[in-house]
Amino acid sequence: QLQSKILILTICAAGIGGTFQYGYNISIINAPTSYIQTFMNETWLERTGVPLESNMVLLLWSFTVSAYPLGGLTGAVVAGPMAIMLGRKMSLLLNNVFVIIAAVLSGFSRMAKSFEMIMLSRFFTGVNAGVSMNIQPMYLAESAPKKLRGAVALTSASFTALGLVLGQVVGLRELLGGEESWPFLLASNVVPALIQLMVLPWSPESPRYLLIDRGDKESCISALQKLRGNSDLSAELEEMLAEQDAAKGQRAKNPWELFQNPSVRWQLTSIVVLSSAMQLCGNDSMYFYAAYVFQEAGIPQDKIPYVVIGTGSCELITSVTCNMIIDYAGRRPLLLGGYIFMAGWAIVFMVALSQQTQISWMPYLSMACIFAYILSFGIGPAGVTGVLPTEVFDQMSRPAAYMICGSLLWFNLFLVGTAFPFIVKSLAHFCYIPFLVVCVCTALFVGFFLPETKGKSFLEISEEFKKRNFKAQTHAVFYKGPEEIKSTML
């Protein structure tokens, strides 16, 4: 059973320094908000002798918050070249440098009396999350056996959710969320990085990368033996060699080449739609609303952080459940079900918000909606979206596909983060209408256009998409015939 232990070790090592950091760093910034704003004000007062106006404090704070998705966007763009040149595993290891820089900056920011250091640290933390969100699912899906591929790549989503919950727990006032300890809270992300640096070197590099990108068959076989043990490798090797043949003479593609290539049109459309929908479906905004709704429901102010941890745990429970069922249920039903349920809950949530003051039990309904919405997101969209680029693209296009996917994800996170307060202002209780539209459209797209990839080899999946991409062209070829013949007769 050693080989399954090595696979589990690889999953945990990649996850703890990978997508775990993304979730953790999103949630630790919430607890010390007011303390950091006070720190900004005091620092400015010391430097200039004039206190900051409240809207300037807000502006500086929004810069600090948006530095994270900007870093993420940068990370998503450099992740592709890193994965190709350094390999999947080496990229994940090097990626920890960014977090260590970030932890030093934020840890010493108060001593140095510089809030700019916090902004910079958030940027570097973002870069780290951007790289790992792209490379980790790619590394794991390429290392996993076919029948477990969905479940293994999906652990990325479980680690994100675990990071969210742990960030909320560590951010409690009793632990590191107090006024004195916030620099330690922001620097605590160095711990997962150090764990990864100690554990990941024991795991093998992605066998597919070794064979197809490096052409190194011996290393590929030894990596496979580490991951699979004594089980028969011939079928899997044959599949990889067939992929290698299909990729012969090609080099790793650039993102813009994918947009020009008609043979990947449907794959590209699918990941663009799904990775945009993942941020535009309003799940992250639910967390924004959580505190307000719980307050309305009559939960005392000092107990709210504990209930918010419940929402994070919700996402964790569903992504672990999704892990268990993805290779039985398939990708499509989970995505379709997730978005349909989210659309339904969005409607109920808006009705509940609008009746919040009139009907006494409405706040409890909106509370239930928040949990239900996050559960629906966790069961499908949260995890499946990250697995798809690995499955629908071949080895040469995969890094570029993840660059496109990651860039969209971060850009949309930035967009929603910036626009949501204004949406709330203008639409009030009906602020979920834009998200409702996104959920309905995505569900329709998945229902009509996305093929199932469960249990198929990478080559079978690309064959299926080839049929779709060239369906229109084959019709066109048949119609050309008669016209040409007519013209010669005349």
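The structure presented is a predicted model; accordingly, all values stated were derived computationally and were not measured. (Residues numbered from 1 in each chain as written. Predicted model: local features only at pLDDT ≥ 70, side-chain atom pairs only at ≥ 80, totals over all residues. Heavy atoms only, no water.)

Points about the confidence of the model for the protein
Do not read the fine detail of predicted coordinates wherever pLDDT is low. Averaged over all residues, the pLDDT of the protein equals 87, while 95% of them reach at least 70. Summarising per-element confidence for the protein, the mean pLDDT is lowest in helix α23 (residues 458-489) (60) and highest in helix α6 (residues 96-107) (97). Below pLDDT 50 for its whole length, residues 476-490 participates in zero contacts with residues either more than four positions away or in separate chains. (pLDDT = per-residue confidence, 0-100. Helix = DSSP H or I, 4+ residues; strand = E, 2+ residues; numbered from the N terminus. Contact = heavy atoms within 4.5 Å.)

Here we look at helix α10 (residues 190-199)
When we look at burial in α10, the residues that qualify are P192, A193 and Q196. Taken around the axis of α10, the buried residues stretch over an arc of 105°, which confines them to a single face. (Buried < 20%, exposed > 50% of the residue type's maximum accessible area, 1.4 Å probe, protein only. Arc of directions from axis to C-beta.)

Things to note about the packing of aromatic side chains
Inspection of the entire model under this criterion finds 12 aromatic pairs. Considering the side-chain rings of Y68 and W410, the 5.5 Å spacing of their centres and the 80° angle between planes classify their relative orientation as edge-to-face. One end of the pair, Y68, is in helix α4 (residues 54-86); the other, W410, is in helix α21 (residues 398-427), with 342 residues separating them in the sequence. Each member of the pair Y68 and W410 is classed as buried. With 5.4 Å between their ring centres and 80° between their planes, F349 and Y432 make a pair best called edge-to-face. (Phe/Tyr/Trp six-rings, centres within 6.5 Å; stacked < 30°, edge-to-face > 60°.)

Some words on the packing of α4 against α21
The geometry of α4 relative to α21 is characterised by a closest axis approach of 9 Å and an angle of 180° between their N-to-C directions. One finds that α4 runs roughly antiparallel with respect to α21. Contacts between α4 and α21 involve S66, Y68, P69, G72, L73, A76, V77, G80, P81 and I84 from the former and P399, M403, G406, S407, W410, F411, L413 and F414 from the latter. The class makeup of the residues in the contact of α4 with α21 is 13 nonpolar, five polar and no charged. (Axes fitted to C-alpha atoms, helices over the stretch in contact; angles between N-to-C directions. Parallel < 35°, antiparallel > 145°, perpendicular 65-115°, else oblique. Nonpolar A, V, L, I, M, F, W, Y, C, P; charged D, E, K, R; others polar.)

Section: the pattern of salt bridges
Inspection of the entire model under this criterion finds 17 salt bridges. Close ionic contact of D245 with K248 constitutes a salt bridge, the shortest N to O distance being 3.2 Å. Relative accessible area serves as the criterion here: at 48%, D245 is assigned to the partly exposed category. Accessibility expressed as a relative area gives 58% for K248, which makes it exposed. What emerges from the salt-bridge pattern is a single network uniting K146, R208, E239 and E243. (Salt bridge = Lys/Arg side-chain N within 4 Å of Asp/Glu carboxyl O.)

Some remarks on the domain arrangement of the protein
You can read the domains of the protein as domain 1 (1-203) and domain 2 (257-477). In this structure, domain 1 and domain 2 have C-alpha centres spaced 22 Å apart. With 41 residues of domain 1 at the interface, the matching set in domain 2 holds 44 residues. Surface buried jointly by domain 1 and domain 2 totals about 3,300 Å² across both partners, of which 68% is contributed by carbon and sulfur atoms. Together, R149, L154 and Q168 form the three largest contributors to the area buried by domain 1 at its contact with domain 2, with a combined 18%. Applying the counting criterion to the domain 1 and domain 2 interface returns two salt bridges. Here E391 and R149 are joined by a salt bridge, their closest N and O atoms 2.8 Å apart. In this structure, the connection of domain 1 to domain 2 is made through eight residue pairs in polar contact (both at pLDDT 80 or more). Counting residues per element, the ones that place at least two in the side of domain 1 that touches domain 2 are α4, α7 (116-143) and α8 (149-170). Looking at the side of domain 1 that touches domain 2, the element that brings in the most residues is α8, giving 14 residues. (Domains from an automatic or database assignment. Buried area = accessible area lost by both parts, 1.4 Å probe. Polar contact = N/O pair within 3.5 Å; in protein donor to acceptor, adjacent residues only side chain to side chain.)

Quick word on a nonpolar patch on the surface
A cluster of nonpolar residues, M85, L86, M90, L94, V97 and I101, forms a patch on the protein surface that exposes about 520 Å² of accessible area. With respect to the element layout, I101 can be found in helix α6. (Patch = residues over 30% accessible without salt bridge, like charges linked within 9 Å, V, L, I, M, F, W, Y side chains within 5 Å. Areas by Shrake-Rupley, 256 points an atom, 1.4 Å probe, with all protein chains shown as cover.)

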